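What follows is the residue order along each chain.
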Amino acid sequence: MSAAVMKTISIDDIEALAVGAWILGTGGGGSPYLGLLNLRRLYAEGHRVQMMSPLDLADDDWVAVVSNMGAPLVGQERLADSRSIARAVRMQEEINGITFRAVMSVEIGGGNGMQALMAAAHLNIPVVDADCMGRAFPEAQMTSVAIGDLKPYPCTLYDPRGIEAVVTKVPSWKWMERASRKICVEMGSIASTSKAPRTGREVKDWGIHFTTTKAIAIGRAVEAANRSHQDPIAAILDCEGGQRLFSGKIVDVERRTTEGFLRGSAVVEGSDDDRGTRLKLSFQNEWIVAWRDGEAIAMSPDLICVLDSVNGHGIGTETVRYGQRVTVIALPAPAVLTSPRGLEFVGPRAFGYDLDFRSLFAPPGAP
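Here's what I pulled together on the structure shown here. This structure is a prediction, so every number in the text was calculated from the model and none was measured. (Residues numbered from 1 in each chain as written. Predicted model: local features only at pLDDT ≥ 70, side-chain atom pairs only at ≥ 80, totals over all residues. Heavy atoms only, no water.)

## Thoughts on the pattern of salt bridges
- One pass over the structure, following the stated rule, counts 21 salt bridges.
- With its nearest N and O atoms 2.6 Å apart, the salt bridge here joins Glu93 to Arg90. Of this pair, Glu93 and Arg90 both sit in helix α4 (residues 82-96), separated by three residues, roughly a single helical turn.
- Classification of Glu93 by relative accessible area gives buried; the value is 13%.
- Between Asp274 and Arg292 there is a salt bridge, and its shortest N-O distance comes to 3.1 Å. Remark: Arg292 occurs in strand β15 (residues 286-292) and Asp274 occurs in the loop between β13 (261-270) and β14 (278-284); sequence separation between them is 18 residues.
- By sharing partners, the salt bridges in this structure join Asp59, Arg201, Lys204 and Asp205 into a single network. (Salt bridge = Lys/Arg side-chain N within 4 Å of Asp/Glu carboxyl O. Helix = DSSP H or I, 4+ residues; strand = E, 2+ residues; numbered from the N terminus. Buried < 20%, exposed > 50% of the residue type's maximum accessible area, 1.4 Å probe, protein only.)

See below:
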């Protein structure tokens with residue numbers, strides 16, 4: 001195989017990534033802001049991160065898959081430390097006796113879209129331009145690699161107090177979620193994790209490719225629109241082929257942190273063309289279902305994004321608050337998530353909603 005082509009990620013790319021990943025996070029994945037501060041500091045100290053295509057991986061390369069796990073609200077209280085995610089990766093190398101060729105995020109959404117870059121800066125290995133969700137989801141089994149029935153273990157978890165834990169073997173992805181979530185709750189409902197190592201072949205077959213580049217492009221579109229005093233939300237829709245769902249003001253928020261998740265709902269009172277109606281958004285870390293006057297109009301795995309109506313930036317389930325002027329849009333999900341098997345893992349019933357998935361982006365005549 002010819003040598004992989006590496007692209008150095010610039011600080012401007014990182015600034016755009018923070019904007020785009022927050023939009024793709026669909027309310028979850030944690031705020032990218034603290035990760036952005038970490039990376040600004042690392043770059044000021046001289047660190048640089050390189051990115052490679054997933055298609056340039058050798059089949060027998062090892063790739064670390066990383067994320068923060070836990071409730072987003074807790075992530076606002078316990079500041080991110082890039083050394084924590086790097087340590088979780090080193091634990092995997094020590095346990096398995098392997099050396100990682102590269103690192104990638106389990107989800108491109110939110111702060112977890114920054115975690116791979118933070119680890120790469122310390123470990124001096126490249127970031128793969130891919131993830132396992134194409135957005136953010138709350139549970140370990142809600143990934144393309146789980147849909148592909150790849151091995152779910154081992155998983156390492158690290159806490160900045162120096163607590164190290166390993167889930168060495170489980171019978172299924174749902175058991176990995178249950179076991180690792182219990183450990184995460186004991187760590188204070190947030191932990192740095194390195195998921196089951198993936199081979200280059202597995203990333204090529206089951207990774208969702210070029211999502212880091214996608215997030216950067218979305219962020220750049222928003223930044224360009226704001227600089228030229230254009231509509232940043234229109235820029236996102238043009239970039240991603242999305243649909244505008246609703247605009248208005250947040251008039252009610254109910255949320256609670258339970259079992260390592262942030263759960264609840266937010267209500268938007270319509271304005272302009274939506275005046276006289278309300279949109280209710282149900283969430284489990286991420287926005288899962290949008291209900292307009294009691295009717296479900298958008299649902300997982302389509303991406304439901306709540307955006308600041310002025311600057312187009314994403315709004316998280318832990319930061320949404322009364323009085324915000326928001327625009328709700330939907331973006332299409334990666335095809336693997338909307339497949340029949342994918343819907344078993346990430347469709348509305350996977351979150352406890354008795355709904356048949358209806359995509360806003362299905363071709364005419366599709367069910």
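We are not done yet, so read on.
## Some words on the side chain of Ser67
- Residue position: Ser67 is located in strand β3 (residues 62-70).
- If we ignore the near neighbours within four places in the chain, the residues touching Ser67 are Ile85, Val106, Asn112, Gln115, Ala191, Ser192, Thr193 and Lys195. (Contact = heavy atoms within 4.5 Å.)

## Observations regarding helix α5 (residues 112-123)
- The terminal C-alpha atoms of α5 lie 17 Å apart, and with 12 residues this matches the ideal 16 Å at 1.5 Å per residue to within 8%.
- With respect to burial, α5 is a largely interior element, 11 of its 12 residues being buried.
- Of the positions making up α5, those classed as buried are Asn112, Gly113, Met114, Gln115, Ala116, Leu117, Met118, Ala119, Ala120, Ala121 and Leu123.
- Count one or two residues on from α5 and you reach Asn124, which has phi positive near 60 degrees. (Expected span 1.5 Å × (residues − 1).)

## Digging into the nonpolar core
- The biggest cluster of nonpolar side chains holds 76 residues, and the ones touching the most others in it are Ile23, Val103 and Val128.
- If sequence neighbours within four positions are ignored, Ile23 has contacts with Ile218, Val222, Ile236, Cys305, Leu307, Gly312, Gly314 and Leu331.
- Counting residues in each nonpolar core, the second largest holds 19 residues, with Ala266, Ile304, Val320 and Ala330 among its members. (Core = buried A, V, L, I, M, F, W, Y, C linked by side-chain atoms within 4.5 Å.)

## Let's talk about the packing of helix α2 (residues 33-44) against α5
- Here α2 crosses α5 at 25 degrees, and the two axes come no closer than 10 Å. Relative to α5, the element α2 is oriented roughly parallel. As α2 packs across α5, the resulting crossing turns out to be left-handed. Packed against α2, whose contacting residues are Gly35, Leu36, Asn38, Leu39 and Leu42, the element α5 presents Met114, Leu117, Met118, Ala121 and His122 at the interface.
- Each residue belonging to the contact of α2 with α5 can be placed in one class, and the counts come to seven nonpolar, three polar and no charged. (Axes fitted to C-alpha atoms, helices over the stretch in contact; angles between N-to-C directions. Parallel < 35°, antiparallel > 145°, perpendicular 65-115°, else oblique. Left-handed = near helix turned anticlockwise from the far one by under 90°. Nonpolar A, V, L, I, M, F, W, Y, C, P; charged D, E, K, R; others polar.)

## Description of the packing of aromatic side chains
- With the rule as written, the count across this model stands at three aromatic pairs.
- The positively charged end of Arg135 is found above the aromatic ring belonging to Phe137, 4.0 Å away from the centroid.
- The ring of Trp175 has Arg178 lying over it, and the distance from NZ or CZ to the ring centre is 4.1 Å. (Phe/Tyr/Trp six-rings, centres within 6.5 Å; stacked < 30°, edge-to-face > 60°. Lys NZ or Arg CZ within 6 Å of the ring centre and 35° of its normal.)

## Some words on the sheet that holds strand β17 (residues 303-308)
- Taken in spatial order, the seven strands make up an open sheet running β16-β15-β14-β13-β12-β18-β17, and their pairing is antiparallel. Looking at the sheet topology across the chains shown, the edges are occupied by β16 (295-299) and β17. Within this sheet the neighbouring strands show an average axis-to-axis angle of 35 degrees, counted without direction.
- As judged from the 10 bridges shared by strand β12 (residues 243-258) and β13, these two strands associate in the antiparallel manner. Across the sheet, the residue bridging to Val253 is Ala266, located in β13.
- Across the sheet, helix α10 (residues 232-240) is in contact with β12, β17 and β18 (325-331); its angle to β18 comes to roughly 5 degrees. (Pairing = 2+ DSSP bridges.)

## Details of the packing of helix α1 (residues 11-24) against helix α9 (residues 211-227)
- Contact pair α1 / α9: the axes reach a minimum separation of 6 Å and the direction vectors enclose 95 degrees. Classed by the angle they form, the pair α1 and α9 counts as roughly perpendicular. Mapping the contact onto sequence places Asp12, Asp13, Glu15, Ala16, Leu17, Val19, Gly20, Ala21, Ile23 and Leu24 in α1 and Thr212, Lys214, Ala215, Ile216, Ile218, Gly219, Arg220, Val222 and Glu223 in α9.
- Classifying every residue of the contact of α1 with α9 by side-chain character gives 10 nonpolar, three polar and six charged.

## Things to note about the environment of Phe351
- Structurally, Phe351 is set in the segment after α12 (340-346).
- Spatially, the C-alpha atom of Phe351 lies 19 Å from that of Pro332, the residues being 19 residues apart in sequence.
- Among residues more than four places away in sequence, those in contact with Phe351 are Phe137, Pro138, Met142, Gln284, Ile288, Ser300 and Val346.

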